[in-house]
Amino acid sequence: MATPEQEQEQGGQILVCVDLSSQDVDASVALVRKACLDCGFFYLINHGIEEEEFGEIYEESRKFFDLPIEEKMKVFRNEKARGYTPFEDETLDPFKQTKGDCKEGYYIGPEASESESCLANPFHGRNQWPSPDLLPAWRETMEKYYQHALSVGRRVIRLIAQALNLDATFFEKPGLMDAPMAYIRLLHYSGEVSNPEVGIFGAGAHSDYGMITLLSTDGVPGLQICKRKDEIPQVWEEVQPVKGAYIVNLGDMLERWSNGVFRMERRWAC
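None of the values given here were measured: they were computed from a predicted structure.

Caption draft 1: How the structure looks around the overall build of the protein chain. Looking only at helices and strands, one finds 5 helices and 13 strands in the protein chain. Summarising the internal contacts of the protein chain: among those between residues at least 6 apart in sequence, 71% fall at separations of at least 24. Approximately 14100 Å² of the protein chain is accessible, and the part contributed by carbon and sulfur atoms is 52%.

Caption draft 2: Up close: empty space enclosed by the protein. Evaluated as defined, the whole model comprises 1 cavity of 30 Å³ or more. When its volume is computed, the largest cavity comes out at roughly 40 Å³. Its residues assigned to classes, the lining of the largest cavity comprises 4 nonpolar, no polar and 3 charged.

Caption draft 3: Structural detail: helix 1 (residues 25–38). In this model helix 1 runs 20 Å from its N-terminal to its C-terminal C-alpha over 14 residues, within 8% of the 20 Å that 1.5 Å per residue would give. Regarding helix 1, the residues found buried are Ala27, Ser28, Val29, Leu31, Val32, Ala35, Cys36 and Asp38.

Caption draft 4: Here's a closer look at the confidence of the model for the protein chain. When pLDDT is averaged along the protein chain, the result is 85; 87% of the residues meet or exceed 70. Across residues 1–13, where pLDDT falls below 50, the model places 27 contacts with residues more than four positions away in sequence or in other chains.

Caption draft 5: Representation of unusual backbone geometry within the structure. Even without a glycine there, the phi angle at Asn46 is positive, about 50°. Structurally, Asn46 can be placed in the loop between strand 4 (41–45) and helix 2 (51–65). You can call Asn46 partly exposed: its relative accessible area is 46%.

Caption draft 6: Spatial organisation of the layout of surface pockets. Quantified by volume, the second largest pocket comes out at close to 200 Å³. Lining the second largest pocket are 13 residues, and of these Thr217, Asp218, Gly219, Lys243 and Gly244 lie nearest its centre. Its residues assigned to classes, the lining of the second largest pocket comprises 5 nonpolar, 5 polar and 3 charged.

Caption draft 7: Here's a closer look at the sheet that holds strand 6 (residues 103–108). If you walk across this open sheet you meet the 3 strands as 5-6-7, and the pairing is antiparallel. One side of each edge strand has no neighbouring strand; the edge strands of this open sheet are strand 5 (83–85) and strand 7 (184–189). Direction aside, the axes of adjacent strands within the sheet are offset by 15° on average. Note that strand 6 and strand 7 share 6 bridges and pair antiparallel. Bridge pairing in strand 7 links Gly105 to Leu187.

Caption draft 8: Here's a closer look at the packing of helix 1 against helix 4 (residues 138–163). At a minimum axis distance of 8 Å, the contact between helix 1 and helix 4 shows a crossing angle of 80°. For the element pair helix 1 / helix 4, the angle class is roughly perpendicular. Along the contact surface, helix 1 presents Val25, Ser28, Val29, Val32 and Arg33, while helix 4 presents Leu159, Ile160, Gln162 and Ala163. When the residues that make up the contact of helix 1 with helix 4 are grouped by side-chain class, the tally is 6 nonpolar, 2 polar and 1 charged.

Caption draft 9: Representation of the sheet that holds strand 9 (residues 212–215) in the model. If you walk across this open sheet you meet the 4 strands as 3-4-12-9, and the pairing is mixed. Each having just a single partner strand, strand 3 (17–19) and strand 9 make up the two edges of the open sheet. Strand-to-strand twist of the sheet, defined as the mean angle between neighbouring strand axes without regard to direction, takes the value 30°. Where strand 9 meets strand 12 (residues 246–250), 4 bridges bridge the pair, whose relative direction is antiparallel. Bridging across to strand 12, Ile212 finds its partner in Leu250.

Caption draft 10: Highlighting the packing of aromatic side chains. Counted by the stated rule, this structure contains 11 aromatic pairs. Here the aromatic rings of Phe64 and Tyr84 are separated by 5.7 Å at their centres, their planes lie at 65°, and the arrangement is edge-to-face. Taken together, the residues span a long stretch of sequence, with Phe64 in helix 2 and Tyr84 in strand 5 at a distance of 20 residues. Given a relative accessible area of 0%, Phe64 falls into the buried group. Pairwise contacts between aromatic rings join Phe64, Phe65, Tyr84, Tyr106, Trp129 and Trp138 into one cluster. Positioned above the aromatic ring of Tyr107 is the side chain of Arg185, whose terminal nitrogen or guanidinium carbon lies 4.0 Å from the ring centre.

Criteria and cut-off values
- Residues numbered from 1 in each chain as written.
- Predicted model: local features only at pLDDT ≥ 70, side-chain atom pairs only at ≥ 80, totals over all residues.
- Heavy atoms only, no water.
- Helix = DSSP H or I, 4+ residues; strand = E, 2+ residues; numbered from the N terminus.
- Contact = heavy atoms within 4.5 Å.
- Areas by Shrake-Rupley, 256 points an atom, 1.4 Å probe, with all protein chains shown as cover.
- 1 Å grid on protein atoms, 1.4 Å probe; cavity = no way out; pocket = protein on both sides within 12 Å on 5 of 7 lines; lining within 4 Å.
- Points joined across faces, edges and corners; volume = space filled by probe spheres on them.
- Nonpolar A, V, L, I, M, F, W, Y, C, P; charged D, E, K, R; others polar.
- Expected span 1.5 Å × (residues − 1).
- Buried < 20%, exposed > 50% of the residue type's maximum accessible area, 1.4 Å probe, protein only.
- pLDDT = per-residue confidence, 0-100.
- Pairing = 2+ DSSP bridges.
- Axes fitted to C-alpha atoms, helices over the stretch in contact; angles between N-to-C directions.
- Parallel < 35°, antiparallel > 145°, perpendicular 65-115°, else oblique.
- Phe/Tyr/Trp six-rings, centres within 6.5 Å; stacked < 30°, edge-to-face > 60°.
- Lys NZ or Arg CZ within 6 Å of the ring centre and 35° of its normal.

As structure tokens, then:
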């Protein structure tokens, strides 16, 4: 089970920490099940992605977001949901927000060639890339990280399958995840402080629509989660970043697939 160093206490509650390198698979599965029954959030450590690679991702991200808006708009998000999204382009909680999210972002998805039949799928397609003259290492850095993060995600999903009392390879059956719609989402927040009283948020309260999200942070706090979205009033708790760890959260799809056994709760960025 998790050691005290592998647990982070948030307002009297515990966000469990799963060690992906652990040889004790049963203990890891038990931790994942505990987290998924409780709130659908947990830390993931020793996942195999080195600190140096995270550093490269953040550095290349910074270079892109530092470009003039004219350059960034050349790769504005296309019909395949690839590319740049400007500040306030998205409003994740339109019922409470008075303006869009105080963040800009960049979508990178699975790459498909023009000849592949999957282009008929509305979300399968080609990625957009900044000019290599401006950012020569950008595409290579992102594509390498995409494959590494996808591998981590598949390993986590094996633990989730076992936590549902299924075979570890249940979600690897033919046709189920042959071409997963996995995205890298690079985010840059403006630094404007959230003010819920007037409807200003870094990212409005929301849940993710997919199966799981692997959230990496640069160490700056700001993520808050609501462990009981149906309670009134809702209680929001801050999740502190842990160096080198992912924060994993479940999405809407997994909650539906588990018939509501595993919980998907809401989060927002302040």
